[in-house]
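Working through the structure, step by step
Each chain, written out:
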Amino acid sequence: MKRQIPLVLVFVFGVLLAIQYFVPSEASQRGYEFVLDWITIIGIFAMVLGIWSQIHVGYNKIKHRSEDWQYSVVTLVSMFAMMFFGLSFFGGLHGTIFRLIYNNVFIPIQATIFSLLAFYIASASYRAFRARSAVSTVLLVAALLLMLRVIPTGPLADPINKIGNWMLLVPNLAAKRAILIGVGLGGVATALKIVLGIERSYLGKD
Amino acid sequence: MTLHDRLLALDRRWVFGVLALFVIIPLTPMFSNFSVPVTPVKEVREIYDFIEGLKPGDYILLSLDYDPGSLAELHPVAYAMLEQCFAKRLKVITLTLSQTGAQMVEEAVKDVADSCKLYHGFTPERGIDYVYLGYKPYPGLIILGMGMNFRIPFPQDYYGTTLDSIPMMRGIKNYDNVKAVINLSAGNVSDYWVADGNARYGVKLALAMTGVMAADYYPYYQSRQIFGIIGGMKGAAEYESLCKNPGTATEAMKVQVFAHVVIIIFIIIGNLAYFLGRRQTAPTQESR
Amino acid sequence: MKYIILLFLTCLTLCLSQAILAQTASLDPPAEAALVPSEPPAPPSNVRVSDLPNDDGHGIQVKWNLSPDDGAGAKSVISYDIYRADTPDAPDSLWKKVGTAVLGIKSYADKGERDAGSRDYLPKHTNLYYRVYAVGAGVRSAAAAAGPVQATDDWFNDMKVPELVFCVVFLILTVRFINMAKKGADLYVRPLAGIEAIDEAIGRATEMGKPILYVLGIGTAGDIATIASFTVLGRVARKVAEYQTSMIVPCIDPVVMTIAQETVKTGYADAGRPDAYKEDSVYYVTSQQFPYVAAVNGTILREKPATNIYLGYFAAESLLLAETGVLAGSIQIAGTDQVSQLPFFVVACDYTLLGEELYAASAYLGREPLLLGTLKAQDYLKAIVLVCMIALLALRVITGADVIRKPFDMPWW
């Protein structure tokens, strides 16, 4: 029963929503809106599970003094602090303290992590962009040309721009479109497998 | 250890350090007069020209779906575009589908609205010239819901005011009432806009995104599912130059130029070391 | 040293973010056009109304021929106003304006609300009448009522016939190949190096006594890439249980976490070691991209897993994860359908599954007839798409006709 009910639900809703895509009538639209609302509700309930998991894992690390357990203290304290200061008697999301933490801690930290990407790209490029074969040489030359588009190269700027734009609009487009079509077809196939119950790994065991 | 061995085994911290240095240098006063010439490309110009072609009172939807991580590349576009829309007296509907971007976007919209007083002599009023709907989760569902009626996913705006009591939202039902949607995104939200907004509802759509993602969306541009792309810092600088509004993207282009030069130099050094190593290994094999 | 670099980078980002938040602007507001009273333009002719096709039953299509003063004659038309009423001889006050069309436009779709209490309610199965006025500067033309017309439900969107044909063809191909596979036909699937390397990678982790890190990406449970990754996770979990090593599965989404827990538990049970499963090995981190990658990077640097498997939907964090894995000395197997992230994985990982190879992984691993049949159907459909593209391209090149777009723009009946 534990597997049958979800399979039936997946099949019924999968088929109904596939049919709904082709049926523009009012009843179909109302049904679709109903389903959209319930997806949001289920997502909120799932968030409760996630918070519980976070607390559980953090607490266990602190209790058993696992390696770097101090970071779990920071995690849990931060989580509860943001929840606390986001409560409505502090002004909610518009409250002073919440905004202060958001603007001066959250935004800079997020931007910092993203900025690491620039450095990692540099080190990855240094390590990996080698002309070992014909194919890797083509990759290397293409990467260099695209990077040169940004740099003011005087009289070479125009031809480099033209070549770079051609690369973006012709071979890049062709390859991306091919992968997109493949991914799209793969997506349809995977969705079909789930709706028909062929793919059941997410259900667990009886 | 030979030179090429040392170069091939170079600690990545040297790469990080040199790059960091060349990121800071262009920001020093020594380079304050250095500017990078920016030539707007067609796909950026089409967005600018489209907004320029709108009439006062036309509605436009700006979906600012990025988080603080992508602030550097997309905030300049948001500022320049909001400024352009307010200056043209368009009715701007703003929202975000990025959970952590809600307040950042709110502050950006307020900032630009307030600055209009200084530069244009008027202040766009919330509820009359612009509305900020805030954030809702599950972007695909929100985009589909807005296609039926904005009030389905957003019965109220970010400040709790019901949409029907907002003067500029009266009679505005869904995408049919807006001239275009411009999506600023750093993640997969653009996929939902293309698949749900444009394919399902025929929304006129343009995208602004981080540089790494922009190349992925050229197929949609070529098939005219989107009418323009602003890609990365370069695209943001191009848009600022079209708006005659040089801001942080234009300033940051200096940094980008230096950073790219450093990466290119490192790639060349790496390849030189590799070929030197191969050349030294080859004679050793022949002599056997 | 690493803390100094971190501090330095933080300061740099703070400076840059402050610079970004300071913006300037200078644009002049547009001049307003002066309105000059003029003679009313001639009205549009041949106003005809019909039910709006492919809608929810609350829409009417209004069409007209352009006013003689639109682009010709007095050239005084600025726009067209469309009004609606319940009776043709209703007084002017009861005619409600439903929309405006700019000059040169010959149609308007009046899409009303469904709910009777709404401001813009358009009733179904009720006679309605329309007037179309040609509007000049401060004046408008006369207009006669067109109608009656009733809005009705449509039960099939005939603009979506190509999609329906595609789905039917795909279903037929899938059923055919599944039947062939069930009858024992040998359906060839080319080797996927990344998937073949998983067993070896798990063996390496067991020898080193280190865990395996499995990252499902930053997608939700509804993303196809995440669903495809669950299948591989199940098989990896079974292998991990058989080899008696450990695994770590940090999740970004609570729903993904619950499904991953079930999947891993099933894997351990299938290997006959349900008691070895630790619930804390599959845990939720945070719903945010960069905090998630910071947490996973911390896990990689602390736990130093022997094998990192990244299969799912990834965005900018892909290189952050992969480079940290290189630092930790892990073998890395990656796969994503995000084309923009593939180059980063290719550069930093030992094996990469490109695009749809991730979706094919489940069929490749299990070799079950149902999965193989679906994979083959997908391949044949891709071949059909390819043939159609070449044929239509050749047709366009030879004839110059826009035969590619036209069939998809027409209603099909």
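Residues numbered from 1 in each chain as written. Chains lettered and ligands numbered in written order. Predicted model: local features only at pLDDT ≥ 70, side-chain atom pairs only at ≥ 80, totals over all residues.

**Some thoughts on the sheet that holds strand 3 (residues 130-135) of chain B**
Residues and elements named next belong to chain B. Read across the sheet, 6 strands follow the order 3-2-1-4-5-6 without closing on themselves; strand pairing throughout is parallel. One side of each edge strand has no neighbouring strand; the edge strands of this open sheet are strand 3 and strand 6 (229-231). Pairs of neighbouring strands in the sheet enclose a mean axial angle of 15°, with direction left out of account. Here 3 bridges tie strand 5 (residues 205-209) to strand 6, and the two strands are oriented parallel to one another. Considered in strand 6, the bridge of leucine 207 is made with isoleucine 229. Contacts between helix 7 (residues 189-201) and the sheet are confined to strand 1 (59-65), strand 4 (181-185) and strand 5, with strand 4 contributing the most and set at about 160° to the helix. (Pairing = 2+ DSSP bridges. Helix = DSSP H or I, 4+ residues; strand = E, 2+ residues; numbered from the N terminus. Axes fitted to C-alpha atoms, helices over the stretch in contact; angles between N-to-C directions. Contact = placed C-beta atoms within 7 Å.)

**As for helix 6 (residues 289-303) of chain C**
Between its first and last C-alpha, helix 6 of chain C extends 21 Å over 15 residues, near the 21 Å set by a 1.5 Å rise per residue. Within the sequence span of helix 6 of chain C, burial applies to Gln289, Phe290, Tyr292, Val293, Ala294, Val296, Asn297, Thr299 and Ile300 of chain C. For helix 6 of chain C, the secondary structure elements touched by its buried residues are helix 4 (96-128) of chain A together with strand 8 (212-217), strand 9 (247-251), strand 11 (307-313) and helix 7 (317-328) of chain C. (Expected span 1.5 Å × (residues − 1). Buried ≥ 20, exposed ≤ 12 C-beta atoms within 10 Å, placed from the backbone.)

**A short note on unusual backbone geometry**
All names here are of chain C. With an omega dihedral of 5°, the bond running from glycine 147 to proline 148 counts as a cis peptide bond. With respect to the element layout, proline 148 can be found in strand 7 (residues 146-149). Its identity as a non-glycine residue notwithstanding, asparagine 54 has a phi of 60°, on the positive side. Checked against the element boundaries, asparagine 54 lands in the loop between strand 1 (45-51) and strand 2 (59-65). Assessed through the 16 C-beta atoms surrounding it within 10 Å, asparagine 54 is described here as partly exposed.

**Some remarks on the interface of chain A and chain C**
The interface is formed by 54 residues belonging to chain A together with 63 residues belonging to chain C. Within the residue set of the side of chain A that touches chain C, elements represented by two or more residues are helix 2 (26-63), helix 4 and helix 7 (171-195) of chain A. Residues of the side of chain A that touches chain C, tallied by class, amount to 31 nonpolar, 16 polar and 7 charged. (Nonpolar A, V, L, I, M, F, W, Y, C, P; charged D, E, K, R; others polar.)

**Observations regarding the sheet that holds strand 3 (residues 79-85) of chain C**
Residue and element names in this part refer to chain C. Taken together, 4 strands build an open sheet; the order of strands is 4-3-6-7 and the sheet is antiparallel. Two strands lie at the open edges of the sheet, namely strand 4 (96-102) and strand 7, each paired on one side alone. Within the sheet, the average angular offset between the axes of one strand and its neighbour, ignoring direction, is 25°. In terms of strand pairing, strand 3 meets strand 6 (residues 128-135) through 7 bridges, oriented antiparallel. Within strand 6, the residue paired with tyrosine 83 across the bridge is arginine 131.

**As for the domain arrangement of chain A**
Along its sequence, chain A is organised into domain 1 (1-85) and domain 2 (92-128). The straight-line distance from the C-alpha centre of domain 1 of chain A to that of domain 2 of chain A is 26 Å. (Domains from an automatic or database assignment.)

**Here's the deal with the domain arrangement of chain C**
All names here are of chain C. Entries for chain C in the domain assignment read domain 1 (45-149), domain 2 (159-186 + 370-409) and domain 3 (193-367). One C-alpha centre belongs to domain 2, the other to domain 3, and the line joining them spans 33 Å. Its residues assigned to classes, the side of domain 2 that touches domain 3 shows 3 nonpolar, 1 polar and no charged.

**Looking at the packing of helix 6 of chain C against helix 7 of chain C**
Residues and elements named next belong to chain C. Two numbers describe how helix 6 lies on helix 7: the axes approach to 9 Å, and their chain directions differ by 10°. One finds that helix 6 runs roughly parallel with respect to helix 7. Taking contact as the criterion, the partners of Gln289, Phe290, Val293, Val296, Asn297, Ile300 and Leu301 in helix 6 are, on helix 7, Glu317, Leu320, Leu321, Thr324, Gly325 and Ala328. Grouping the constituent residues of the contact of helix 6 with helix 7 by class yields 8 nonpolar, 4 polar and 1 charged. (Parallel < 35°, antiparallel > 145°, perpendicular 65-115°, else oblique.)

**With respect to helix 7 of chain C**
All names here are of chain C. Spanning 12 residues, helix 7 covers 17 Å between terminal C-alpha atoms, matching the ideal 16 Å at 1.5 Å per step. Across the 12 residues of helix 7, 11 count as buried, placing the element largely inside the fold. Listing the buried residues of helix 7 in full gives Glu317, Ser318, Leu319, Leu320, Leu321, Ala322, Glu323, Thr324, Gly325, Val326 and Ala328. Once helix 7 ends, the next one or two residues include glycine 329, with phi positive near 80°.

**Examining the pairing of strand 3 of chain C**
In this sheet, strand 4 of chain C lies alongside strand 3 of chain C in antiparallel orientation, the contact comprising 6 bridges. Paired with aspartate 81 of chain C across the bridge in strand 4 of chain C is threonine 100 of chain C.

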